[in-house]
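Spelled out, the chains give:
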Amino acid sequence: MSVDIYKINPEFRDIMPKDILDLEDNATWGAEKRGISDLTDKKELLEEHSLCAGCPEAAALRYILTAIPKPEDTIIVNSTGCTSLMFPHIALHTVHSLFGNQNAVASGIKRALTWRFPDKDKDVVVLAGDGATVDIGLDYTLQSFFRQEKITTICFDNEVYANTGGQESGSTPKGQVFKMAPKGKVFDKVPMWELAVTSGCQYSVKLTASAPKAVARVVREAIFIARELGPTYIHLYTPCILEIGLSASEGLWEMKEQDKDRFVSFKYVSPEAEEFLKQCKKEGRL
Amino acid sequence: MANLGPAYYAPYPVATYDGLLTPPEGKAMLLTDIVDEEVAMREVARVMLTSDNATIFPGPQVLYAWSEEAKKKATLIKEMSEVLNAKMIPMYDYRPKYPKIDPEVEINPNHPNLTIWHNNIKAAIFIGVHCHYANVALKIVRSETDCYTIGMCALSGHEDAMATIRDQHAEDLARFIEIAKEVKQELGK
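Overview of the structure. Note that the structure is predicted; figures quoted are calculated from it, not measured.

Each value, and the rule that gives it
- Residues numbered from 1 in each chain as written.
- Chains lettered and ligands numbered in written order.
- Predicted model: local features only at pLDDT ≥ 70, side-chain atom pairs only at ≥ 80, totals over all residues.
- Heavy atoms only, no water.
- Helix = DSSP H or I, 4+ residues; strand = E, 2+ residues; numbered from the N terminus.
- Rg over C-alpha atoms; globule rule 2.2 N^0.38 Å.
- Buried < 20%, exposed > 50% of the residue type's maximum accessible area, 1.4 Å probe, protein only.
- Contact = heavy atoms within 4.5 Å.
- Areas by Shrake-Rupley, 256 points an atom, 1.4 Å probe, with all protein chains shown as cover.
- Salt bridge = Lys/Arg side-chain N within 4 Å of Asp/Glu carboxyl O.
- Expected span 1.5 Å × (residues − 1).
- Pairing = 2+ DSSP bridges.
- Core = buried A, V, L, I, M, F, W, Y, C linked by side-chain atoms within 4.5 Å.
- Buried area = accessible area lost by both parts, 1.4 Å probe.
- Axes fitted to C-alpha atoms, helices over the stretch in contact; angles between N-to-C directions.
- Parallel < 35°, antiparallel > 145°, perpendicular 65-115°, else oblique.
- Left-handed = near helix turned anticlockwise from the far one by under 90°.
- Nonpolar A, V, L, I, M, F, W, Y, C, P; charged D, E, K, R; others polar.
- Disulfide = S-S within 2.5 Å.
- Phe/Tyr/Trp six-rings, centres within 6.5 Å; stacked < 30°, edge-to-face > 60°.
- Lys NZ or Arg CZ within 6 Å of the ring centre and 35° of its normal.

A word on the overall build of chain B. Of regular secondary structure, chain B possesses six helices and seven strands. Start at the N end of chain B and walk to the C end: the helices and strands fall as β-β-α-β-α-α-β-α-β-α-β-β-α. Here the C-alpha atoms of chain B give a radius of gyration of 15 Å, agreeing with the 16 Å that 2.2 N^0.38 yields for 189 residues. The C-alpha extent of chain B, read off along each of the three principal axes, is 40 × 35 × 30 Å. Taking all 189 residues of chain B together, the buried fraction comes to 53%. A sequence separation of at least 24 residues applies to 68% of the contacts in chain B between residues at least 6 apart. Surface exposure of chain B reaches about 8,200 Å², of which carbon and sulfur atoms provide 54%.

Following this line, the structure appears as structure tokens:
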């Protein structure tokens, strides 16, 4: 695979729609530096999606897509959930796994790519919701950390099974009431970011998607570390505004509130990863 | 809705249900018959030249310049469309489109019948479409439309197409173009 797969044969340019011509001409494939600033004037890798209006998850995914260092050499593995509604619309390779299997599937893809392209950096990024990561796929997720698979795992935590009507998940905070959890949750939120550290992740961060640049920086760091050292984990709060009774314009406000509460910043970087990040900064990769 | 296809609107719009399989190497298939490749090429050219709104649907494997073979094929497909007086509508990706596709400018494997109905296409060549999406699209077209579908395939062909010619690489496309020119002359088109 190379960036050539996005180049249109000149014989067909006259029959291709403008959207696709724009993607070839103005997307950031192959660019040395990509980032949040590209969102304003470059062709996006995700334009249309079928999530609810104002959904913070859609914004978070855009930040992540702008931060991926090499989109043409990246494969995203996702799982069932709200996010899986967006993946068919992303203009890069995505693989939809069975619910909860995402880290096992990603491990296989990464190993196959390493074997097939030993001289190339191929990034495998898991993007899944809290149901897939913390509940149904917890075993697969932690096992991939134990095995030191060189993949980045990003959990979109909306603290609920949102698109099935509002059931509590392991990530729901204690006492929270949802439509399908009327008695309120009786045990605490699973601290997945801490489990990631205990399970061997080189890098584990908890944050909200309230600050685009912070999200982009963390994603870039996580992918670089995963390439060289081992598993990395990002726990990202992207609230389901519908399930917690907010309007389309209140998602950002909710994330900013939680920056000071349940999602107060957590960052673990292993000593090796710390050294590696310093080196990346020196080389201008970050 | 357009007229129904040869398999009609059946719960089993698949050719294998009628006992059809892809042709063996060196052969092609016309409806239910296994024939020589040249016979199929002549028939395909005739159908394309005599059907209303004949169209070529190039897929991602030829639309994008990802290999030398793809670049060669692009030039040849362009020439083929000129020889066959055929329009070209691209199948540039397989993503589902919301709220719906624009059938004037694209064909999508998830609902290819929309493009065929809208443009009243009576014959079409699928070329450069990945196997699994070609299979999906051809089954839908077969059951939902009266379009004569032609699968020009670089691998083993598609039994769900009305005509399928297998192992079609750049040199084979060049040969097809020469045959199409002859047929065009014979038909006085």
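As a further point, take the pattern of salt bridges. In total, this model carries 34 salt bridges over all chains according to the counting rule given. For Lys 18 of chain A, the salt bridge is made with Asp 22 of chain A, and the minimal N-O distance between the two is 3.0 Å. Residue Lys 18 of chain A and its partner Asp 22 of chain A are both found in helix 1 (residues 18–26); the two are separated by four residues, about one turn of the helix. Relative accessible area serves as the criterion here: at 18%, Asp 22 of chain A is assigned to the buried category. Of the charged contacts, one joins Glu 37 of chain B and Arg 175 of chain B as a salt bridge, the two residues approaching to 2.2 Å between their closest N and O atoms. Placement of the pair is Glu 37 of chain B in helix 1 (residues 37–50) and Arg 175 of chain B in helix 6 (residues 170–187), with a sequence separation of 138 residues. Here Arg 175 of chain B falls in the partly exposed class, since its relative accessible area comes to 34%. Sharing partners across several salt bridges, the network here consists of Lys 70, Asp 73, Lys 120 and Lys 122 of chain A.

Take helix 3 (residues 68–83) of chain B next. All names here are of chain B. With 16 residues, helix 3 extends 23 Å from end C-alpha to end C-alpha; this agrees with the ideal 22 Å at 1.5 Å per step. When we look at burial in helix 3, the residues that qualify are Ala 70, Lys 73, Ala 74, Leu 76, Ile 77, Met 80, Ser 81 and Val 83. Just beyond helix 3, the residue with positive phi is Asn 85, at close to 50°.

This part is about the sheet that holds strand 7 (residues 163–165) of chain B. Paired through backbone hydrogen bonds, the strands of a sheet run either parallel or antiparallel to each other. All names here are of chain B. Across the sheet, which stays open at both edges, the seven strands sit in the order 2-1-7-6-5-3-4 with mixed pairing between neighbours. The strands lining the two open edges of the sheet, one partner per strand, are strand 2 (33–36) and strand 4 (87–88). Pairing of strand 1 (residues 27–30) with strand 7 involves three bridges; the strand directions are antiparallel. Opposite Ala 28, over in strand 7, you have Ile 165 as the bridge partner.

Of all hydrophobic cores here, the largest spans 55 residues; its most connected members are Leu 61, Leu 65 and Leu 127 of chain A. Taken together, the elements giving at least two residues each to this core come down to helix 3 (56–67), strand 3 (123–129), strand 4 (152–157), strand 5 (203–208), helix 8 (212–228), strand 6 (232–237) and helix 10 (271–282) of chain A. Among the elements that take part in this core, helix 8 of chain A stands out by supplying eight residues, more than any other. Once residues lying within four places of it in the same chain are set aside, the contact partners of Leu 61 of chain A are Leu 46, Met 86, Phe 87, Ile 90, Leu 127 and Phe 156 of chain A. Of all hydrophobic cores here, the second largest spans 46 residues; its members include Val 35, Ile 127, Ile 150 and Leu 173 of chain B.

Taken together, the 20 residues of chain B in the interface contact 19 residues of chain A. For the pair chain B and chain A, the summed buried area comes to about 1,700 Å², and 63% of that belongs to carbon and sulfur atoms. At the junction of chain B with chain A, the criterion picks out one salt bridge. Notably, a salt bridge pairs Asp 14 of chain A with Lys 78 of chain B, separated by 3.2 Å at the nearest N-O pair.

On to the packing of helix 3 of chain A against helix 8 of chain A, then. All names here are of chain A. The interhelical angle for the contact between helix 3 and helix 8, taken along N-to-C directions, is 50°, at an axis separation of 8 Å. Taken together, the axes of helix 3 and helix 8 lie oblique to each other. Viewed along their axes, helix 3 and helix 8 form a crossing whose handedness is right-handed. Judged by residue contacts, Tyr 63, Ile 64 and Ala 67 of helix 3 engage Pro 212, Val 215, Ala 216, Val 219 and Arg 220 from helix 8. When the residues that make up the contact of helix 3 with helix 8 are grouped by side-chain class, the tally is seven nonpolar, no polar and one charged.

So, on to the state of the cysteines. Within the structure shown, the criterion is met by zero disulfides over all chains. Residue Cys 201 of chain A stays outside any disulfide, its sulfur separated by 12 Å from that of Cys 155 of chain A, the closest cysteine. No disulfide involves Cys 131 of chain B; its sulfur sits 5.6 Å from the nearest other cysteine sulfur, which is in Cys 153 of chain B. The class for Cys 131 of chain B is partly exposed, based on a relative accessible area of 36%.

All names here are of chain A. Tallied over the full model, the rule gives four aromatic pairs over all chains. When the ring of Phe 145 is compared with that of Tyr 233, the centres are 6.0 Å apart and the planes differ by 70°; the resulting orientation is edge-to-face. Within this pair, whereas Phe 145 is found in helix 6 (residues 138–146), its partner Tyr 233 is found in strand 6, the two being separated by 88 residues in sequence. By relative accessible area, Tyr 233 is classed as buried at 0%. Here Lys 122 stacks its cationic end above the ring of Phe 117, 4.4 Å away from the centre of that ring.

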